Amino acid sequence: MAKIELKGITKIYDGNVLAVERSNVTIEDREFCVFVGPSGCGKSTTLRMIAGLEDITAGELIIDGEIMNDVPPKDRNIAMVFQDYALYPHMSVYDNMAYGLKIRKIDKQEIDRRVKEASRILDLDNYLDRKPKALSGGQRQRVAVGRAIVRSPKVFLFDEPLSNLDAKLRVQMRAEISDLHHRLQATMIYVTHDQIEAMTMGTKIVVMSEKRIQQIGAPLYLYNHPINKFVAGFIGTPPMNFMTVKIAEKGGKIVAEEGTFTVVPTDEQAKALKAYVGKEVTFGIRPEDLHYSATPASESNMQLKVTNKEPLGANTQVFLQTKECVIVARAAPEIEFQLGDVVNFAPDMAKSKFFSKEAGEPNICENIEKTW
């Protein structure tokens, strides 16, 4: 298949509009790499530059050791699956999948073999004679994927392919695309704004914001070791809770004071936070790392008022009022919470994060090497 390297890739549109700034990414052969971030962050523009649908303003795009900046899209051996399927409405499923091969003058028997093999993989055998209007959204998306498979490309590109599907079908299609990657052992690049898709599908995730790459890594690494507040808040559902705290030293111990509660950092955290005594920083804790306690915890304890609750069956999401905001905690479903109750939650400080309020809001207590 293919190894892809982006070296300082930049895109500036007419009028000096910056779309992507100095992106450096290496996507190894057979990796499933997901670009994720909010709308307008530059992820789709990056994908279109890889495909050759957008010119590269600066930097180098290298595929299998060859610079591809000026190579036309048709000569890059890349197949792209679009958000809107882009099927020909007057053609059958078979003809939609075969069309790209026909215009390349591939032998008819080879075309038939490839289309039938792709339809078997995607469970489309019974739909080859149908027109797109007679298919469901999920079936149309499979046809679009099949059209890419038959070309046997070096690289598959997916531009938010599931955003038009309902929630249940998105879950099904996520599994199907992941299974397809496993079967084909192909290099795949996938763009989405949905961090759940990124976490469940990618072997490597590239988190983007404000036209720049924020962090690159395996899903669980990004979840456990976010480089800054943006990544910490973007990866994870529900998102990480953030509260402003003031770092103080009391009785020889470093503490973080919010106003309604005080928490005690771990020894390792305290070493890094010592330089912030007297300053405000951001304290982050995930809902699943807040643990209900019938009585106040001996050290770090958050005694807060319940403002809302959402029973979800496997757990209950509890909304708690702090000095400046409402945060979310997860609790066992059998625990009864009443609105207005003042309850105790103990944060797992080993899993908590502290972020500086300086530019970029970096993670204070973890030394995360930046390689992009």
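Residues numbered from 1 in each chain as written. Predicted model: local features only at pLDDT ≥ 70, side-chain atom pairs only at ≥ 80, totals over all residues. Heavy atoms only, no water.

Some thoughts on the nonpolar core
- Ranked by internal contacts, the top residues of the largest apolar core, which has 78 residues, are F35, M97, L157 and I189.
- For M97, the contacting residues outside a window of four places in its chain are V115, A118, S119, L124, L128, V143, G146, R147 and V150.
- Residues F261, V263, F283 and V306 belong to the second largest nonpolar core, which totals 28 residues. (Core = buried A, V, L, I, M, F, W, Y, C linked by side-chain atoms within 4.5 Å. Buried < 20%, exposed > 50% of the residue type's maximum accessible area, 1.4 Å probe, protein only. Contact = heavy atoms within 4.5 Å.)

Here we look at empty space enclosed by the protein
- Following the criterion strictly, the structure yields one cavity of 30 Å³ or more and no others.
- Reported here for the largest cavity is a volume of approximately 30 Å³.
- Surrounding the largest cavity, L6, I9, T46, M49, I50, I56 and L61 form its lining.
- Those elements that place two or more of their residues in the lining of the largest cavity are strand 1 (4–13) and helix 1 (43–51).
- Per-element tally for the lining of the largest cavity: the top contributor is helix 1, with three residues. (1 Å grid on protein atoms, 1.4 Å probe; cavity = no way out; pocket = protein on both sides within 12 Å on 5 of 7 lines; lining within 4 Å. Points joined across faces, edges and corners; volume = space filled by probe spheres on them. Helix = DSSP H or I, 4+ residues; strand = E, 2+ residues; numbered from the N terminus.)

Here we look at the packing of aromatic side chains
- As enumerated under the stated definition, the model contains 10 aromatic pairs in all.
- Ring plane angle 35° and centroid distance 5.8 Å describe the contact between F158 and Y190, whose orientation is recorded as tilted. With a gap of 32 residues between them, F158 in strand 7 (residues 155–159) and Y190 in strand 8 (residues 187–192) connect regions that are remote in the sequence.
- By way of ring pairs, the aromatic residues F32, F158 and Y190 are connected into one cluster.
- Note that K229 overlies the ring of F242, its terminal NZ or CZ placed 5.0 Å from the centroid.
- Geometry around Y276 places K279 over its ring, the cationic atom sitting 5.8 Å from the centre. (Phe/Tyr/Trp six-rings, centres within 6.5 Å; stacked < 30°, edge-to-face > 60°. Lys NZ or Arg CZ within 6 Å of the ring centre and 35° of its normal.)

Brief notes about helix 3 (residues 108–121)
- The terminal C-alpha atoms of helix 3, which comprises 14 residues, lie 20 Å apart, in line with the 20 Å expected from a rise of 1.5 Å per residue.
- All of the buried residues in helix 3 are I111, R114, V115, A118, S119 and I121. Along helix 3, the residues classed as buried sweep out an arc of 160° about the axis, all on the same side.
- Where the residues of helix 3 are buried, they touch helix 2 (93–102), helix 4 (137–149) and helix 5 (167–184). (Expected span 1.5 Å × (residues − 1). Arc of directions from axis to C-beta.)

A short note on the sheet that holds strand 1
- Taken in spatial order, the four strands of this open sheet run 2-1-4-5, and their pairing is antiparallel. The open sheet has two free edges, formed respectively by strand 2 (17–27) and strand 5 (66–67), since each of these has just one partner strand.
- Where strand 1 and strand 4 (residues 58–63) come together, five bridges link them in antiparallel fashion. Each bridged residue has a counterpart across the sheet, and for K7 the counterpart in strand 4 is E60. (Pairing = 2+ DSSP bridges.)

Some details on the packing of helix 4 against helix 5
- For the pair helix 4 and helix 5, the least separation of the axes is 11 Å and the interaxial angle reads 20°. As far as their axial angle goes, helix 5 and helix 4 are roughly parallel. The crossing of helix 4 and helix 5 is right-handed. Contacts between helix 4 and helix 5 pair G137, G138, Q141, R142, V145 and I149 from the former with L169, Q172, M173, E176, L180 and L184 from the latter.
- Grouping the amino acids of the contact of helix 4 with helix 5 by side-chain chemistry returns six nonpolar, four polar and two charged. (Axes fitted to C-alpha atoms, helices over the stretch in contact; angles between N-to-C directions. Parallel < 35°, antiparallel > 145°, perpendicular 65-115°, else oblique. Left-handed = near helix turned anticlockwise from the far one by under 90°. Nonpolar A, V, L, I, M, F, W, Y, C, P; charged D, E, K, R; others polar.)

Topic: helix 2
- Along helix 2, seven of the 10 residues are buried, which leaves the element largely enclosed by surrounding structure.
- Those residues of helix 2 that sit buried are V93, Y94, N96, M97, A98, G100 and L101.

Focus on the packing of helix 2 against helix 4
- In contact at an axis separation of 8 Å, helix 2 and helix 4 are set at 30° when each is read in the N-to-C sense. Classified by the interaxial angle, the pair formed by helix 2 and helix 4 is roughly parallel. Judged by the twist between their axes, the crossing of helix 2 over helix 4 is right-handed. Along the contact surface, helix 2 presents V93, N96 and M97, while helix 4 presents V143, G146 and R147.
- Split by residue class, the contact of helix 2 with helix 4 holds three nonpolar, two polar and one charged.

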